[in-house]
Amino acid sequence: MQTLAKLPVTIVTGFLGAGKTTLLRHMLDNAEGRRIAVIVNEFGELGIDGEILKQCSIGCTEEEAVGRVFELANGCLCCTVQEEFFPVMRELVARRGDLDQILIETSGLALPKPLVQAFQWPEIRNACTVDAVITVVDSPAVAAGTFAAHPEQVDEQRKQDPNLDHESPLHELFEDQLASADLVVLNKADLLDADTLAQVRAHVAEELPPAVKIIEASAGQLPLSVLLGLNAEAELHIDSRPTHHDHEGHEDHDHDEFDSFHVDLPEVEERALLEALGQLVERHGILRIKGFAAIPGKPMRLLIQGVGKRFDKHFDRKWLSDETRATRLVVIGQELDQAAITNELRTALAQ
C-alpha cells in the first residue's frame, strides 16, 4: 500500500545566495505531477521564500498550494528540530498517502547533519527516509577562495555562535555542508571558464567520499531524474560522517544576536530603491534584504533578493485585482537599528 511506503525527503543546503531557492523553484516547476510538500526554513518575520515557492504550485488551487508549503521561522534547523520541525513532519507523515516527495530548504546557516539525524526518531524513521542531502555550492565564490558570495557577512553570523572558536569558521561550515552531502551541485557554472570550474570541482572533491557525485548547473537547471530518487537513506549512515560541529556543545546555541524586521513602502522607482538598499548595506550590519516592490507603471511585482551588496531581481507575477500595490521588504542582520534604517530608506526614496 502506498501509505506504508517510506516517503522520500530531499534536503537542500548551502550558503546564502548559493541558489537553493532557485533550485527548489526549478524542481517544483518541473514536478510533472509529483505531489510535493516543501518545508522552507526561513529567518525573518515574513516568509518571503515561502511566498515565492507558493507561486510554483503548478496545477494546484490556492488552497492546495497552502498545504504544500510549511515555513519554519526561527532560521536555523539545527536549533529548531525539536520544536517547530517535529510537529510539521508529524503532520506530513499523517498525510504521506497524499504525497510523493518532501523538499526541505535549510537556511544559509543551518548545519545539515543534525537535521538528517532527526530522521532517526521513531515517529519519523518509520514513515520517511532522507533520499538525499543536496549541497548547493556557489562556484565563483569557491573559485575566489571565499566559499560564500559575501564571506565576511556569513562569517560574522557564524561568530555569533558562542560554542564555536575556529580560526576559519566559514571554511569549516562549508566542509560540514559537504560532509553531509549525497550530491553536490556546482551552481553558477556558467560564470566560470572551463579551467577554473575544473579547479573548483577538484577542490570540492577533496572534501568528499568517492561515492558522492558532483554535477554542474546554471541557475539550478537540472533534470529531476538527477535530483530525486537517489535512495541514499542518509539517516542510516549520517552518524559515521565526521564534521567540525560534532563535539561542540549545542545546548546554548543562540541566534538572539540576529535581528529581522520589515519595511512597508508605497510604489517606488526601481533604480532609486536598489541604490538606496545598496547604501544601507554599506552603512549597517545588514546580511540580507528580500521582498516585493511595486514599480510605477509596471503591472507586475518586482521580486528582490539581496545578499550583501549583490541584488537579484525579476518581475515574478501580475498584481492581483484585490491587492494593494505596495512594497514590503524584510531586512535581516546583526544589531540593526530598525528606526534608523527605515528612516534612511524612506528619506532616500523621497528625494
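These lines cover the structure that appears in this document, whether it is placed above or below. (Residues numbered from 1 in each chain as written. Predicted model: local features only at pLDDT ≥ 70, side-chain atom pairs only at ≥ 80, totals over all residues. Heavy atoms only, no water.)

**Things to note about the pattern of salt bridges**
Using the criterion set out here, one finds 10 salt bridges in the structure. The shortest N-O distance in the salt bridge between Glu-344 and Arg-283 comes to 3.0 Å. Of this pair, Glu-344 sits in helix α13 (residues 338-350) while Arg-283 sits in helix α12 (residues 270-283), placing them 61 residues apart in sequence. Given a relative accessible area of 26%, Glu-344 falls into the partly exposed group. When its relative accessible area of 47% is taken as the criterion, Arg-283 is described as partly exposed. Two residues, Asp-316 and Arg-301, come together in a salt bridge whose shortest N-O distance is 2.8 Å. (Salt bridge = Lys/Arg side-chain N within 4 Å of Asp/Glu carboxyl O. Helix = DSSP H or I, 4+ residues; strand = E, 2+ residues; numbered from the N terminus. Buried < 20%, exposed > 50% of the residue type's maximum accessible area, 1.4 Å probe, protein only.)

**Things to note about the packing of aromatic side chains**
Inspection of the entire model under this criterion finds 3 aromatic pairs. With 6.4 Å between their ring centres and 20° between their planes, Phe-15 and Phe-174 make a pair best called stacked. Taken as a pair, Phe-15 in the loop between β1 (7-13) and α1 (20-29) and Phe-174 in helix α9 (residues 169-179) lie far apart in primary sequence, 159 residues in all. There is no split in this pair, since Phe-15 and Phe-174 are both buried. Across from the ring centre of Phe-292, 3.8 Å away, lies the NZ or CZ of Arg-301, which sits over that ring. (Phe/Tyr/Trp six-rings, centres within 6.5 Å; stacked < 30°, edge-to-face > 60°. Lys NZ or Arg CZ within 6 Å of the ring centre and 35° of its normal.)

**A short note on the nonpolar core**
Judged by nonpolar contacts, the single largest core of 27 residues is most densely connected at Ile-39, Phe-85 and Phe-119. Mapped onto this core, the elements with two or more residues apiece are β1, β2 (36-41), β3 (69-72), α4 (77-94), β4 (101-105), α5 (112-118) and β5 (128-138). For this core, the leading source of residues is α4, giving 6 residues. Dropping the residues within four chain positions of it, Ile-39 is found in contact with Phe-70, Leu-72, Phe-85, Val-88, Met-89, Leu-92, Ile-102, Leu-103, Ile-104 and Glu-105. Grouped together as the second largest cluster of nonpolar side chains are 23 residues, Leu-23, Ile-36, Val-69 and Leu-183 included. (Core = buried A, V, L, I, M, F, W, Y, C linked by side-chain atoms within 4.5 Å. Contact = heavy atoms within 4.5 Å.)

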